[in-house]
Structure formats: structure tokens, C-alpha cells
Amino acid sequence: MFGLHYRLERKAIGLVLAIVGVASIGGIVEIAPLFTIHQTVEDAPDMRVYTPLELAGRNIYIREGCYACHSQMIRTLRDEVERYGPYSLAVESKYDHPMLWGSKRTGPDLARIGGKYSDEWQVAHLHNPREVVPESVMPAYGWLLRTTLRTSDLGANLEAMRAVGVPYTDEMIANAAADADGQAAPDTPAAAGVAERYGAATTIRIFDGNARELTEMDALVAYLQILGRLTDAAHKPVALGE
Amino acid sequence: MIGQLTKTERHLALIILSALALVGLTMTAAGRGDPFGMQGAVVLLAAIAGLFCVISGLSDPEPAEDRLERYYDDPSKIGILLAMVWAVFGLFVGDWVAWLLVDPDLTFDAGWSSFGRLRPVHTTGVIFGFGGNALIATSFYVLQRTSRARLPGQLGPMFVLFGYNLFCLLAVSGYMMGITQSKEYAEPEWYADVWLVIVWVTYFIVYLRVLARRKEPHIYVANWYYMAFILVVAMLHIVNNLAVPVSIGGAKSYSLFAGVQDAMTEWWYGHNAVAFFLTAGFLGMMYYYLPKRAGRPIFSYRVSIISFWGITFMYMWAGSHHLHYTALPQWVQTLGMTFSVMLLVPSWASAGNALLTLNGAWHKVRDDATLRFMMVAAVFYGLSTFEGSFMAIRAVNSLSHYTDWTVGHVHAGALGWVAMITFGSIYASVPWLWKREAMYSARLVEVHFWLALAGTLIYVFAMWNSGIIQGLMWRTYNDSGTLAYSFVDSLVAMHPYYVARAIGGLLFLIGAVVGCYNIWMTIRVAPQERVPAADQPEPAPARAALQPGE
């Protein structure tokens, strides 16, 4: 064995090929089957895609680096299930490009934060966390209320999401900007369009308490309120794979 | 600097920089009203600065032919200086965000200065800015000496160095503008990723060309590690960053993978960025500078073979231990755990090989802070790889994951191992590179050593405590069978440890500043008269014949 190596280390190309070969095996064995084994991701027929407003909110969540302190992955441990809710299923993040499972909980897990607090609480908390949780060390995101949400590029965003495999329809892409406005403007024709395209259960509200302007706060709160609620699969008894 | 380039190389540099300026201009125009445009401005300004530099030296006399009888060390010198600048910057931002967890209002009411945007500035600044520059600088130095061949041309290595720093600059400025992919340790967006691929392929070609011209039949062990670092980082970077941009005129892209597949790809990348960026490359550094400084040969050639291939093979399986008890299938978790535990063997083989090399030179470790930096690095390497294998065990991970214990573990490796071996190697190579007798002040190296060690220990102990307390509080039940503590209770309990951590980080930062001063003063004193004869490449053969075995 050492004799073989004695010869190998005299050949630069041989060494390069050996390194690439040896280093490829682990990834191929562990990653490739995740795309082919059907049981890896559960079936959830009721799973819906993010609305344009929620997707914009998700992009703000990414932009501000929320994932550095908040996980979105409840592990299969008793204390986590009792603290945060049913453990996370793979299917719940199947439209998450990229996933935001996180790796650190400086703050609590957010996988099932949707519907847990009111919009007013979320807005006040994001504006200055210490107004509602005095001990909090979370940054204050004052600029979210001050910044108008850019909606003109949402159609292109949906299109890119479709290119990586999320089933957005042509109609959804064409109406993306209008749907973003509509989701924060209840009782308007635009709001009806959102319910028609994304389902009657879609939350349509003035999220930031300001009806005149669609702000980044609207988008982020809309996203937080949908977390864990794209499908009911996690709340049902587990269907074991045959 | 420009004087070392031949006329042809200067013209080529002008062409490359003009093309880059054009790209920057296009980006600025296409991304008007978007952070992407400002990223274009960064590219444009960098290209203009480069053009200015090249043009101002355009009519300098060509370098003499006898340059080929010496090693080409400009990229190593500049790389070391850049590494120190990035170290101070990255450590400063790291300590700032540490204080933000003590008092979240120590910041401005603006996006760029919030914790979530500054945290990747810190990680990228220290890992890629400090670590990456140190790796590039030392790899060129070591490669030339162990091959006894000069770098092929002057432009290639310079392109690698400055191109890489442009990548780091784009990354860091982008985060503050809100541009990020959110993939941990792979945050830069698609255009920066593409640029890094170009730089990295050039790096690989330069490396291979020197190896092809080497006068030593055997490739030295340090170069196996540098080679693995270059190759595997390329593999990881390309696969993990596959994404579809929203438009060519915007920064945003969507990852090709989603959910569980994305999580596995990300941690396959993330863990092996630790393995091949923060371990393999720095082991290469250790295998050269530690024996050189100690004046002792490597303890065992065979152990170095076993540990090299063990690390190259097994690390690639270990990433899934970041996903225990998640929605990742259990079989992948188990594979990751198993390989992580087995990894202890090659890891400790490397650490042991380093420490046993010091046998017969322990008196030097006592007297010489530079060698002591390297010794302590090997000890921390052994400690943090043991801790890593331990934390990868599923039951342990159920407690440690998501807590500050992980942060403590990472910093035991990053401060104790990566930064210490780097500072040791830099203190060894600065006098060699600038042809000085020794560092300006051995006492200041001592001061830096003790600041760095104290800072690391305070940091790591604080995070061990806070992490384990956090993990235990989250799972403690009271007598009536309900959870005993709210999340906020655990957060309040962290406060004293967050203060201690920030103080530890501050000590480490002060040490790095002391190091900068010492290096600067070393460069300012007059150089030695003669270049040591041993520090020269083999004279070129009469004909360009390849060596046997190529």
C-alpha cells in the first residue's frame, strides 16, 4: 500500500484524479438517493405554493439574515414537539428554494409561528422587540415599516421559482404584482383574485395596519403568518410508507 | 509590484482589467435602482484601481532575466498583508455582533448594521478573507520551495490573489446591502460565485503548472493538502451554488434544490468547507511550517498518508450530522454519524504526527512563541476534532444542536486551530519573505500569543457553559410533566456568558492588531544583505525536459 503511494505521489495528475475520486463517493451515496427514493418527501396533496406577497416576505427574511438566529425545523424530540408543535416534515419545505431549516436558536424556532400571534403583535415586535418582550436581544427592524415593497419584479421571481420546479401557473406569474397588492387589501377585486388563485384559505389582511401603502412589513408578516400552514400534513397521523 | 511583470503580462493585465471594468459598467447600468447596480460599482472601482496601478507602472523597466533564479514571492507578501487586514476587519465585526447579543441597541437604525447582515460579514471576513488569503499566500510559498521551482509567470498568481479578494469584497459589501443566498458559508449570490469559479480554476492551473515543473520527484505532503483544498472546494462550491437567477440584471437567484435535498447539499458543503477549507489547507500549512520552524523532520511519513486519505474520504460523508432528528431520512443521519466518529482516527493521527514532530524540539516551543502558536494549534486541532466527533453522536447532538455549544466548538477550531496555525506560519514566513533576521519584536509575538490563547479559552469556556445550560433548560420538565422554562428564561440565563464571550473575542482582536504592528515594523527595518543560498529554485535545466515520473 505504501509502495503504491510512493509511486502515486510522483504523479501530479494521478494525485488529482485520486483526490477527486475519493472525495466524490460520500456525496454521491448520500445525496443522489434523496432525489430518487420516493419516501424521502411525504405526499401532501393540499400543499400550496407561496403567494407573491409571502414570497416577497420570505426574501426579506433571507435578506435580513433571520435564519442565523431562528431555525425552521422542529426535531422529533418530545420537548421540541411540546414547545413548538408537531415535528417538521420534509414536504413542508419542498417549495423552499433554498430551505431555511437553520442551525442555531438564538431565538425560538419559527416553523409553526404562523397564526400563533396577531399581526399587531408581529408588527410591534419587529418594529422594536423590546416593546413586547423586554428581555429580547433581537434587532429592531424599524425600516420595514418605512420601506415600500417593490412588486414590479415579483412576476420574474415567480418565473425563476417555476424554473427550479415550483408549480406556479402562467396566470399566477402574470398577476404576481397585483396579487401582492390584493393580499393586503381585503374586499377589493384584487383580493378576490388572490383567493381564486391560491385558495380560499389564503390570509387576506392589512398586515401592517396601514391600508394606504404596501410595505416590506406587510410582506414579512404575511410570510411569518403562513409558516407551518402551507399544508396540514404534520397535524395528521403519520402515514407509514408501504 | 508592476515592475515584476513582463511587458506582455502588463498588456494582458490591461486587457483583463478593461474587460472587468466593462462587466462592472454593464452591471451598474443593468442594476440601476437595485443593490446589484452598487455591486457593479464595486467591480468597476476595483477594475479602475487596478488599471491605474498597471498604467502607472507600464513604462517601468522589464524585470531582469535573473529573476528566474529566485522564487516569486510578491503574491505571498501581498497575500499575508491582506490576510492581516481581513483578520482585523473580520474579528472586529465578529466582536461587534457579539456585543449586539449583550445589548441589541449598540447599533444604528439601518439595515446594513443589523445583526443578521453583519454576522455573515464576520464569517466571510474571517474564513474567506483572513483564512483564504493566508492559504493562497502560504500555498504559493510552500509550493515553490517544496517543488524547487518558480511560479510560472507573474500574472497568473496575481490574478488569483486579487481576483479572490474582489470576490470577498463583493460578498461582504453585498451582505450589508441585503444580498445573500442565505446558504450558510455560501452566502454570495450567483455573479460572485461565477467569478470565484474563474479565479479558482486559474489557481488550480497555476498549481498544476508548478507541480509539472518541479525538480523534486516526490510531491511533498503539504501540497497534497493544498491540492485537496483547491479541488474539493471547487466541487463543493459549484454543486452547492447551482441556482437560477431571477434576471441577468439582478442579484437575486433561487437555489436549484429545495427542502430536504437542499439541506443535505448545504451541509455536505458546509461541513466540508470546514474540512477542506479550514482543515486540509491549514494542515498543508502545518506540514511545512511546523517542521521547518522546529528544525525536525515530520515524525511519520506513513501516518501522514493514512491521515490524508482518511480525511479526504471520510469527511465527505459527515455533513448529515448537522441534520440529526430532522426531516432528513434516518439512514443518511446514521451514515453521517458513523463516519464522523471514524474521522477521529485520521484527525488525531494528524494532530499526533504534528506533536510528535516536536520531540527533541520542546525547548524551542518553550522559548519561541511562533513555534508555540503552531504547537497550541495542533493541540486545539486534536481537541476540536474530538469534540466534533462527540457532538456528531445523535444523542449528544440532541442536546448540543441549535445551542451555543456549536458556536463554541466552531471557535475552538477557528480561533484555536485555524488562526493559531496561521499566525504561527505568518510569523515564520514574514522574516523569510522580506529577508529579515527575525520579527521586529519577539516580545510582541509573545504578547500576541497570550492574548490569543486567553481570548480563545474565555470564548470557548463561555460558549460551552451557555450551550449546555441552554440545551438542558430547553428539555427540563417540572414535576407536573410540563416544560420548566420558557424560551426567554433560557435567553436571560445566557447574558453573563455573552458578556464573557465578547470580552474573549476582544482579546483575540487586540492580539491581531498587535500582530499587524509587529509585521509592519519588521518590514520597515533594513533587509539582510544576502539571500540564503538554500532559498532559491533549482537552476533551470539546459533543455525543458520533464522529470521522470511525470
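See above for the structure.
If you're wondering where the values come from, they're calculated on a predicted model, not measured in any experiment.

Visitor: So, the overall build of chain B: which residues are in play, and what are the values?
Guide: Looking only at helices and strands, one finds 17 helices and two strands in chain B. Considered along the principal axes of its C-alpha atoms, chain B spans approximately 85 × 65 × 45 Å. When burial is assessed residue by residue, chain B has 63% of its 550 residues classed as buried. Contacts in chain B between residues far apart in sequence, at least 24 positions, make up 83% of those at least 6 positions apart.

Visitor: Run through the packing of helix H6 (residues 190-212) of chain B against helix H7 (residues 221-240) of chain B, naming residues and quoting values.
Guide: Residues and elements named next belong to chain B. Look at H6 against H7: their axes get within 10 Å of each other, and the N-to-C directions meet at 155°. When the axis of H6 is compared with that of H7, the two are roughly antiparallel. Relative to H7, H6 is oriented so that their crossing is left-handed. Where H6 approaches H7, its residues Asp193, Leu196, Val197, Trp200, Tyr203, Phe204, Tyr207, Leu208 and Leu211 are matched on the opposing element by Asn223, Tyr226, Met227, Phe229, Ile230, Leu231, Val233, Ala234, His237 and Ile238. Its residues assigned to classes, the contact of H6 with H7 shows 16 nonpolar, two polar and one charged.

Visitor: An account of the interface of chain A and chain B is needed here, citing residue identities and associated values.
Guide: Taken residue by residue, the interface counts 86 residues in chain A and 98 residues in chain B. Between chain A and chain B, roughly 8000 Å² of surface is buried when both sides are summed, and carbon and sulfur atoms account for 66% of that area. Applying the counting rule to chain A against chain B returns five salt bridges. Arg150 of chain A is the partner of Asp34 of chain B in a salt bridge, and the nearest nitrogen-oxygen pair spans 3.1 Å.

Visitor: Quick one: what's the story with the nonpolar core, residue by residue and with numbers?
Guide: Counting residues in hydrophobic clusters, the biggest one holds 247 residues, and the most contacted among them are Tyr168 of chain A together with Tyr164, Phe229, Phe277 and Trp417 of chain B. Ranked by the residues each element gives to this core, the list is headed by helix H8 (residues 259-294) of chain B, at 21 residues. Non-local contacts of Tyr164 of chain B, meaning those with residues more than four positions away in its chain, are made with Phe128, Gly132, Asn133, Ile136, Phe159, Leu196, Val199, Trp200 and Phe277 of chain B.

Rules used throughout
Residues numbered from 1 in each chain as written. Chains lettered and ligands numbered in written order. Predicted model: local features only at pLDDT ≥ 70, side-chain atom pairs only at ≥ 80, totals over all residues. Heavy atoms only, no water. Helix = DSSP H or I, 4+ residues; strand = E, 2+ residues; numbered from the N terminus. Buried < 20%, exposed > 50% of the residue type's maximum accessible area, 1.4 Å probe, protein only. Contact = heavy atoms within 4.5 Å. Axes fitted to C-alpha atoms, helices over the stretch in contact; angles between N-to-C directions. Parallel < 35°, antiparallel > 145°, perpendicular 65-115°, else oblique. Left-handed = near helix turned anticlockwise from the far one by under 90°. Nonpolar A, V, L, I, M, F, W, Y, C, P; charged D, E, K, R; others polar. Buried area = accessible area lost by both parts, 1.4 Å probe. Salt bridge = Lys/Arg side-chain N within 4 Å of Asp/Glu carboxyl O. Core = buried A, V, L, I, M, F, W, Y, C linked by side-chain atoms within 4.5 Å.

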